[in-house]
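Next come the chains, spelled out residue by residue.
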Amino acid sequence: MARSRSPSRPSARSAQPSVAFVTLASAEYGPGALVLTAGLRRRLPLDVEVIAFSEAELSLVPGVTLRALSELPDVPVPAGVGEPLMANFSFCWRKLGLWALTEYDIIVYMDSDILILNEVESLLEFVPSRGMLAAVPACECWRSESCNYTAQEAGGGDFYFNAGVLVFRPSASIFSEMIAWLKDHHQHGAVSEVLPPMPFAEQDFLNQFFRKKVRRLPPIFNSLQHAMRNPKHQADLNTSTCVALHYVMGKPWAPKTLLEEDFADFHALWHEARQEFAARACARPAWPLRQVHEELPLFLVRDYISREVEGSLVSLIYGDFLKDRWIQLRNRALLCLGGVPHPEGAICEDLPVEIAELGRGLVDAGGMSSVPDQCLINQYLPGQGIDAHSDGPRFESEVAILTLEGPALMYFGLVEKKIYPSLPPRLELLLEPRSLLVLKREAYELYVHRIDHVTVDVTQTGVRR
């Protein structure tokens, strides 16, 4: 149980950053978004924001912002450009909406199928002037012998680029020009010419719209995995110097095919990173969809944390560092972290790093308004529980309960039923392992809750746990 003492300690807030590293992700690309954004967050200063735009409930590490894709303006996909080469390319048109993010001075966009291998902040040394963008040439060895993917020319030029990594300055006027360009179905500045086919969707469009207005980026910032296997480019690209490894053909999280055998070592790097980052990641729920009752600020999120996070937390709370802190009560064992609350003033201590990060993740996910500064851990053996109670006024009116190892059936009872006839008089919630329950305001202040002293929980529908 994580909660904040009342009144909560003030927290420092940094100024709105002017630089953001951004990705877009569908549910299918959620694993990629986790690995990319965690790698960026690790290697970038805290005043550089890392953002994932998605309509899915992604799992992300603390310090990464999840924003709804609907926050970006709509982009009309032109009807006369043909079908995209792959169905998922249609999603990428939403990328154009990033030019409307004028709250930032600089946007660095990266596809969510990228793995950060080395220091990435140096990418900001290549920020172009307004009205231009910076990008890496595409590897076109498959269709041209004059591929210039690893060519050394600097500055602008007329070349076809890969849109997986883009650096630009947002501009409302440029975004408006893009939309007008698409709606008219004509080339920019040449209204008599209709748009040619665009099998690579927004990538083809951007190459036409910014023709001769592109600053060339070194290929280390967008190292395409198939190009790194090409003898023509191998001498210039390796994993020790590349910054961003781009899995343009075959995703590491997708079912393996014969094609992936050529990239097994690259995919192993991604899986190694995912295993590490998954041990810190938490779900970013769509909270309205997780509300238990429409009249009550009570939210239940199943699988809020991964099995990796659960394992690391269990190791911490039963490990040598905390083993002497447990207190054996009559029907449960209790571990109190963060200090001891008292009516005359709390005795405070810092939370363990892993639990403090979990609390920051709750704020990032929108589950709590302030970072919890206390954590109570209750251990219930079969036949043990806790009688009906409320947590009282010593804490802020929001509590998060994370369930580990085994399930628990928690009952809620409204204390003053006649005064609050619109609220449910009682509730029964099955708390599965790795689930998160958040109580706020009325759910905290007006209800008591309990866990029965039983060896087997039986729900109202007859489910036995």
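Overview of the structure. (Residues numbered from 1 in each chain as written. Predicted model: local features only at pLDDT ≥ 70, side-chain atom pairs only at ≥ 80, totals over all residues. Heavy atoms only, no water.)

1. Here's the deal with the overall build of the protein chain
So, step 1. On a plain count of helices and strands, the protein chain comes out with 7 helices and 28 strands.
So, step 2. Among the 465 residues that make up the protein chain, the fraction classed as buried is 50%.
So, step 3. The long-range share in the protein chain, meaning contacts at least 24 apart out of those at least 6 apart in sequence, stands at 74%.
So, step 4. Of the roughly 22,100 Å² of accessible surface on the protein chain, a fraction of 52% belongs to carbon and sulfur atoms. (Helix = DSSP H or I, 4+ residues; strand = E, 2+ residues; numbered from the N terminus. Buried < 20%, exposed > 50% of the residue type's maximum accessible area, 1.4 Å probe, protein only. Contact = heavy atoms within 4.5 Å. Areas by Shrake-Rupley, 256 points an atom, 1.4 Å probe, with all protein chains shown as cover.)

2. A word on the sheet that holds strand E2 (residues 19-24)
By way of backbone hydrogen bonds, the strands of a sheet pair with one another, either parallel or antiparallel.
So, step 1. With mixed pairing, the 7 strands of this open sheet are ordered in space as E5-E3-E2-E6-E9-E8-E12. Edge positions in the open sheet fall to strand E5 (65-68) and strand E12 (214-216), since each of these has one partner strand only. Adjacent strand axes in the sheet meet at a mean angle of 30 degrees when their direction is disregarded.
So, step 2. Pairing between strand E8 (residues 133-137) and E12: 3 bridges, direction parallel. When the sheet's bridge partners are listed, alanine 135 is paired in E12 with arginine 216.
So, step 3. On top of the sheet, helix H1 (residues 30-43) reaches E2, strand E3 (49-54) and strand E6 (106-110); it is set at about 165 degrees to E3, its chief contact. (Pairing = 2+ DSSP bridges. Axes fitted to C-alpha atoms, helices over the stretch in contact; angles between N-to-C directions.)

3. Section: H1
So, step 1. The terminal C-alpha atoms of H1, which comprises 14 residues, lie 20 Å apart, in line with the 20 Å expected from a rise of 1.5 Å per residue.
So, step 2. Buried residues dominate H1, accounting for 11 of its 14 residues.
So, step 3. All buried positions along H1 are accounted for by Gly30, Gly32, Ala33, Leu34, Val35, Leu36, Thr37, Ala38, Gly39, Leu40 and Arg41.
So, step 4. Along its buried surface, H1 packs onto E2, E3, strand E4 (59-60), E6, strand E7 (114-116) and helix H4 (264-278). (Expected span 1.5 Å × (residues − 1).)

4. Considerations on the nonpolar core
So, step 1. Counting 54 residues, the largest nonpolar core has Phe21, Leu40, Met110 and Leu123 as its most contacted members.
So, step 2. Ranked by residue count, the leading element in this core is H1, at 6 residues.
So, step 3. Other than its neighbours up to four places away in sequence, methionine 110 contacts Val22, Thr23, Leu36, Leu40, Ile116, Val120, Leu123, Gly164, Val165 and Ala244.
So, step 4. Membership of the second largest hydrophobic core comes to 37 residues, among which are Leu133, Phe161, Leu166 and Leu182. (Core = buried A, V, L, I, M, F, W, Y, C linked by side-chain atoms within 4.5 Å.)

5. As for the environment of leucine 427
So, step 1. Note on placement: leucine 427 falls in strand E26 (residues 426-431).
So, step 2. Overall, leucine 427 belongs to the buried group, its relative accessible area being 15%.
So, step 3. For leucine 427 and leucine 414, which are 13 residues apart along the polypeptide, the C-alpha to C-alpha distance reads 8.8 Å.

6. Overview of the packing of H1 against H4
So, step 1. One way to put it is that H1 packs onto H4 with a least axis distance of 9 Å and a crossing angle of 75 degrees. As the angle between them shows, H1 and H4 are arranged roughly perpendicular. Contacts between H1 and H4 involve Pro31, Gly32, Leu34, Val35, Ala38, Gly39 and Arg42 on the former and, on the latter, Trp270, Ala273, Arg274, Glu276, Phe277 and Ala278. (Parallel < 35°, antiparallel > 145°, perpendicular 65-115°, else oblique.)

7. Some words on the pattern of salt bridges
So, step 1. Taken as a whole and assessed by the stated rule, the structure comprises 16 salt bridges.
So, step 2. The salt bridge involving glutamate 103 is made with arginine 67; its shortest N-O contact spans 3.3 Å. Here the residue glutamate 103 occupies a position in the loop between E5 and E6, and arginine 67 occupies one in strand E5, the gap between them amounting to 36 residues.
So, step 3. Of the residues examined, glutamate 103 reaches a relative accessible area of 38% and is grouped as partly exposed.
So, step 4. Given a relative accessible area of 15%, arginine 67 falls into the buried group.
So, step 5. Among the salt bridges present, the one from aspartate 265 reaches arginine 229, with a minimum N-O distance of 2.4 Å. With aspartate 265 in helix H4 and arginine 229 in the loop between strand E13 (223-224) and strand E14 (244-246), this residue pair connects regions lying 36 residues apart in the sequence.
So, step 6. Using a relative accessible area of 41% as the deciding quantity, one classes aspartate 265 as partly exposed.
So, step 7. If you follow the salt bridges from partner to partner, you end up with Arg67, Glu71 and Glu103 in one network. (Salt bridge = Lys/Arg side-chain N within 4 Å of Asp/Glu carboxyl O.)

8. Overview of a negative patch on the surface
So, step 1. A surface patch of negative charge is lined by Asp47, Glu119, Glu121 and Glu125.
So, step 2. Here glutamate 119 lies in the loop between E7 and E8. (Patch = residues over 30% accessible without salt bridge, like charges linked within 9 Å, V, L, I, M, F, W, Y side chains within 5 Å. Lys, Arg positive; Asp, Glu negative; His and termini not counted. Charge placed at Lys NZ, Arg CZ, Asp CG, Glu CD.)

9. Side note on the environment of phenylalanine 221
So, step 1. Structurally, phenylalanine 221 is set in the loop between E12 and E13.
So, step 2. When the C-alpha positions of phenylalanine 221 and leucine 123 are compared, they lie 7.3 Å apart, and in sequence the two are 98 residues distant.
So, step 3. Once residues within four sequence positions are removed from consideration, phenylalanine 221 is found in contact with Ser122, Leu123, Phe126, Val136, Val165, Val243 and Ala244.

10. Description of unusual backbone geometry
Of all residues except glycine, most have a negative phi; of all peptide bonds, most are trans.
So, step 1. Located in the positive-phi region is alanine 201, a residue other than glycine, with phi close to 55 degrees.
So, step 2. Along the chain, the position of alanine 201 falls in the loop between strand E11 (190-194) and helix H3 (202-209).

11. A short note on the pairing of strand E17 (residues 296-301)
Along a regular strand, successive side chains alternate from one face of the sheet to the other.
So, step 1. Counting buried positions along E17 gives 6 out of 6 residues, so the element sits mostly inside the fold.
So, step 2. Neither face of E17 is left uncovered, since the one carrying Leu296, Leu298 and Leu300 and the one carrying Pro297, Phe299 and Val301 both have all their residues buried.
So, step 3. Taken together, the 2 bridges between strand E16 (residues 291-293) and E17 define a ladder with antiparallel strand orientation. Counted as the bridge partner of glutamine 291 is phenylalanine 299 from E17.
So, step 4. What sits between the antiparallel neighbours E16 and E17 is a turn of 2 residues.
So, step 5. For E17 and strand E27 (residues 436-440), the ladder comprises 4 bridges, and the chain directions are antiparallel. Each residue of the ladder has a partner; that of valine 301, found in E27, is leucine 436.

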